[in-house]
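Listed below are the residues making up each chain.
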Amino acid sequence: MKNIEIAVIPGDGIGKEVVPFGVKALELAAEIHGGLSFKMQEFPWSCEYYVEHGRMMPENGIDILKNFEAIFLGAVGLPKTVPDHVSLWGLLIAIRREMKQYINLRPVKQMRGVRSPLADPKGFDILVVRENAEGEYSPIGGRMIAGNDEIVVQNAVFTRSGTERAIRFAFEAAGKRDRKFVTSATKSNGIIHSMPFWDEVFGQVGREFPEIQQTSTHIDALSAFFVTKPQTLDVVVASNLFGDILTDLGAGIMGSIGIAPSANINPDRKYPSMFEPVHGSAPDIYGKGIANPVGQMWTAKMMLDFFGFEDVGQLLLDSIEDTMEAGIITPDLGGKASTTEVGEAILTKFKERGRR
Ligand SMILES: NC(=O)C1=CN([C@@H]2O[C@H](COP(=O)(O)OP(=O)(O)OC[C@H]3O[C@@H](n4cnc5c(N)ncnc54)[C@H](O)[C@@H]3O)[C@@H](O)[C@H]2O)C=CC1
Ligand SMILES: CC(=O)C(=O)O
Ligand SMILES: [K+]
Ligand SMILES: [Mn+2]
C-alpha cells in the first residue's frame, strides 16, 4: 500500500469551488487502484487569510509544506482586496521557488468532447515545459523619483544552471514522446542579453540530443503558430513569462482556460511538487457555481502520473472526456451545466470505468 501525504490549498475564488472535485477524484482514484491511499490536510492560506493575519501563509508555511509529498492547489488572487503581486509572491510563487519546482509542465492538446475554437485543429498535442523558478518573474528592480520623472527598473534573471536544467528536461521529455521534436521559444531579436544566452544554451544542450529534432522560434511567431498550425508542435520549452502566456493561449485553442492542467515539478524529488490548474481565481464568475472543474480534475491526473499511477490517471482523463463528449459542460465551453453537475458526472464515469 502506497500512502501519499498531500497538502491541499484551495486558495481564492473558484479555487475553493473546483478543488473539492479534484480531491474527490484523487480519493476515488485511490479506491479504484486499491493499493494507494491519500492522507490530505487542508490549509486556508489565501487572500482572506492575509486580511486576517497580514500574510498569505504563516512564517513557517514553507517548513510545514516540506512535510508533505505533494501540494494540491486551486488558485491565488483576490485583486480587489490584496494586490496581485503581493498575494502571488506571498504564496504561489514563494512555494514554486522555495520548493525548487523549477519545471512547470503544461499539456496543450485537442480534447475529445470539446469544440476547439480553431476551424481545423488537426489533433494538436503539445507539451509546454516552462522554466518556473527564475527568468522574467523576478523580484529584482525598483522604482524611484515619484511623479512625472519616475524611473522603474525590472530585471529578469537567467542563470546558466537554471536555463540548462529546464532545456535538458524538455529534451528528455521529447525523447519519451513519438514525435521527438523540441521548439525553443525565444526573442533574441529584441531582448539582447538573456535571449541570445537562452539560444546559446539551447544549442549546447541540444547537441547532447542528436536524435531529437530541434528548432528555435521567436515567441511572437510561435504565438501565431499555436493558432495557425499547432499540430506541427511537440515539446515547447519556454522561459517563465513566455511559458505562462503561451499556456493560456494553449488553453484558448483547447477551448477554455478552465480545462488546462499544470504541474510545478521538483524533478529531484527533494521537495514536494505542486499541482494546480493553469487558470486563476476567476473573480468574475466566483460564487455563481459555474466554474469548470475540468482543469483541476485533469491536474489530479497529472499528480497521479507523477507518482507512477498512470493507469488510473488515464481512466480519470478518459472519464473527463466521456463527460464532455456527453455534452455535460459548463458555460465557458458553451454548456449549461454547473460545477457540481460536471464534477459529479466525471466522478460517476470514473467509478464506472474503474469497475471494468
Ligand atoms: N496560478 C494562479 O493561482 C493564478 C492566479 N491568477 C490570479 O487570479 C486572479 C484572476 O486573474 P485573471 O487574469 O482573471 O485570470 P483567470 O484565469 O482567473 O480568469 C481568466 C478568464 O477565464 C475564466 N476562467 C478561468 N478559470 C475558469 C474556470 N475554471 N471555469 C470557467 N471559466 C474560467 C475567468 O472567468 C476569466 O474570464 C488574479 O488575482 C490573478 O493574479 C491568475 C492566473 C494564475
Ligand atoms: C501567475 C500565473 O499566471 C502563473 O504564473 O501561472
Ligand atoms: K492555478
Ligand atoms: Mn498563468
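These numbers were taken from a predicted model, which means no experiment stands behind them.

Engineer: Could you clarify how one ought to interpret the overall build of the chain in this entry?
Structural biologist: Counting secondary structure elements, the chain contains twelve helices and twelve strands. On C-alpha atoms alone, the chain measures out to a radius of gyration of 20 Å, which is about the 21 Å that the 2.2 N^0.38 rule sets for 356 residues. Relative to its 356 residues, the chain shows a buried fraction of 53%. Once local pairs closer than 6 in sequence are excluded, the contacts in the chain between residues at least 24 apart make up 75%. Of the accessible surface of the chain, which amounts to about 15500 Å², a share of 52% is contributed by carbon and sulfur atoms. Distance between charge centres in the chain, computed from 37 positive and 45 negative side chains, equals 3 Å.

Engineer: Which parts of the structure should I look at to understand the site of ligand 1?
Structural biologist: In the vicinity of ligand 1, 23 residues are found, and the nearest of them are D84, G280, A282, D284 and N292. H279 is positioned such that a nitrogen or oxygen atom in its side chain is 3.4 Å from a nitrogen atom of ligand 1. Interatomic distance of 2.7 Å between a side-chain N/O atom of D284 and an oxygen atom of ligand 1. Per-class residue counts for the shell around ligand 1 are 13 nonpolar, six polar and four charged.

Engineer: Looking at this structure, I do not really get helix α11 (residues 310-325). What am I missing?
Structural biologist: Between its first and last C-alpha, α11 extends 22 Å over 16 residues, near the 22 Å set by a 1.5 Å rise per residue. Burial in α11 covers these residues: V312, G313, L316, L317, D318, S319, I320, E321, D322, T323 and M324. Elements that come into contact with the buried residues of α11 comprise α1 (15-33), β4 (103-109), α10 (294-306) and α12 (339-355). G327, located one to two residues past α11, shows a positive phi value of around 80°.

Engineer: When you look at the nonpolar core in this model, what are you seeing that I'm missing?
Structural biologist: Nonpolar side chains tend toward joint burial in soluble globular proteins. Counting 86 residues, the largest nonpolar core has F72 and I320 as its most contacted members. The residue makeup of this core includes at least three contributed by each of domain 1 (1-102 + 265-356) and domain 2 (116-254). With 23 residues, the next largest nonpolar core counts I71, L73, V76 and I95 among its residues.

Engineer: When you look at the coordination of the potassium ion (ligand 3) in this model, what are you seeing that I'm missing?
Structural biologist: Ideal values differ by geometry: the angle at a metal is 109.5 degrees with four tetrahedral donors, but 90 or 180 degrees with six octahedral donors. Note on the potassium ion (ligand 3): its protein donors are G74 (O), E276 (OE), P277 (O) and H279 (O). The metal-donor distances range over 2.6 to 2.8 Å. Site description for the potassium ion (ligand 3): donor spacing in sequence, G-x201-E-P-x1-H. With respect to burial, E276 and H279 carry one shared label: buried.

Engineer: Could you clarify how one ought to interpret the environment of G255 in this entry?
Structural biologist: Mapped onto the fold, G255 is located in the loop between α9 (240-254) and β11 (263-265). Counting along the chain gives 141 residues from G255 to V114, while the straight-line C-alpha distance between them is 6.5 Å. When sequence neighbours within four positions are dropped, the list of residues in contact with G255 reads V114, R115, P117, D332 and L333.

Engineer: When you look at the site of ligand 2 in this model, what are you seeing that I'm missing?
Structural biologist: Around ligand 2 sit L88, R96, R106, R130, Y137 and D244, and those are all the residues in its vicinity. Note that an oxygen atom of ligand 2 is positioned 3.1 Å from one of the side-chain N or O atoms of R106. One of the side-chain nitrogen or oxygen atoms of D244 is found 3.2 Å away from an oxygen atom of ligand 2. In the complex, the protein chains occlude 77% of the 210 Å² of accessible area that ligand 2 would expose alone. Counted by class, the shell around ligand 2 contains two nonpolar, no polar and four charged residues.

Engineer: Just checking my understanding: could you explain the pattern of salt bridges for this structure?
Structural biologist: Note that side chains of opposite charge can pair when their charged atoms are close. The tally for this structure, following the rule as stated, stands at 19 salt bridges. As a salt-bridge pair, R143 and E150 come within 2.8 Å of each other at their nearest N and O atoms. You can call R143 exposed: its relative accessible area is 66%. Residue E150 is classed as partly exposed on the basis of its relative accessible area of 31%.

Engineer: Just to check I follow, could you spell out the UniProt feature "domain: Isopropylmalate dehydrogenase-like" (unreviewed entry) in the chain for this structure?
Structural biologist: As recorded in UniProt, the feature "domain: Isopropylmalate dehydrogenase-like" (unreviewed entry) lies at residues 5-346. As annotated, residues 5-346 has a helix share of 40% and a strand share of 19%, and its two end C-alpha atoms lie 24 Å apart.

Engineer: Teacher, can you tell me more about the pairing of strand β2 (residues 36-42) here?
Structural biologist: Two faces make up the sheet, and in a regular strand the side chains alternate between them. One ladder, built from seven bridges, connects strand β1 (residues 2-11) with β2; its direction is parallel. Its bridge partner lying in β2, A7 is registered against Q41. Considered for its hand, the β-α-β crossover made up of β1, α1 and β2 is right-handed.

Engineer: Looking at this structure, how should I read unusual backbone geometry?
Structural biologist: What you tend to see is this: most non-glycine residues have negative phi, and most peptide bonds are trans. The backbone of I145 shows a phi angle near 60°, a positive value even though the residue is not glycine. Note on placement: I145 falls in the loop between β6 (141-144) and β7 (151-154). On the basis of relative accessible area, I145 is assigned to the partly exposed category, the value being 47%. The phi dihedral of R269 is positive, around 60°, even though this residue is not glycine.

Engineer: I tried to follow the environment of I285 on my own but got confused; where do I start?
Structural biologist: Tracing the chain through its elements places I285 in the loop between β12 (273-275) and α10. Beyond its immediate sequence surroundings of up to four residues, I285 is in contact with I14, I290 and A291.

Engineer: Explain the packing of aromatic side chains to me, please; I cannot follow it from the model alone.
Structural biologist: Remark: the centre distance and the inter-plane angle together describe each pair of aromatic rings, the angle taken between the planes. Under the defined criterion, the tally for this structure stands at seven aromatic pairs. Ring geometry for F171 and F209: centres 5.0 Å apart, planes at 10°, overall stacked. Separated by 38 residues along the polypeptide, F171 in helix α6 (residues 160-175) and F209 in the loop between α7 (194-206) and β9 (213-218) bring together distant segments of the chain. With respect to class, F171 is no different from F209; both count as buried. Among the aromatic residues, those joined into a ring-pair cluster are F43, W45 and F68. The ring of Y137 has R130 lying over it, and the distance from NZ or CZ to the ring centre is 5.2 Å. Against the face of F225 rests K229, its NZ or CZ located 4.2 Å from the ring centre.

Criteria and cut-off values
Residues numbered from 1 in each chain as written. Chains lettered and ligands numbered in written order. Predicted model: local features only at pLDDT ≥ 70, side-chain atom pairs only at ≥ 80, totals over all residues. Heavy atoms only, no water. Helix = DSSP H or I, 4+ residues; strand = E, 2+ residues; numbered from the N terminus. Rg over C-alpha atoms; globule rule 2.2 N^0.38 Å. Buried < 20%, exposed > 50% of the residue type's maximum accessible area, 1.4 Å probe, protein only. Contact = heavy atoms within 4.5 Å. Areas by Shrake-Rupley, 256 points an atom, 1.4 Å probe, with all protein chains shown as cover. Lys, Arg positive; Asp, Glu negative; His and termini not counted. Charge placed at Lys NZ, Arg CZ, Asp CG, Glu CD. Near = heavy atom within 4 Å. Polar contact = N/O pair within 3.5 Å; in protein donor to acceptor, adjacent residues only side chain to side chain. Nonpolar A, V, L, I, M, F, W, Y, C, P; charged D, E, K, R; others polar. Expected span 1.5 Å × (residues − 1). Core = buried A, V, L, I, M, F, W, Y, C linked by side-chain atoms within 4.5 Å. Domains from an automatic or database assignment. Donors = N, O, S within 2.8 Å, 3.2 Å for Na, K, Ca; no water. Salt bridge = Lys/Arg side-chain N within 4 Å of Asp/Glu carboxyl O. UniProt positions renumbered as here; feature names shortened; annotations may be inferred. Pairing = 2+ DSSP bridges. Right-handed = clockwise from strand over helix to strand, strands pointing away. Phe/Tyr/Trp six-rings, centres within 6.5 Å; stacked < 30°, edge-to-face > 60°. Lys NZ or Arg CZ within 6 Å of the ring centre and 35° of its normal.

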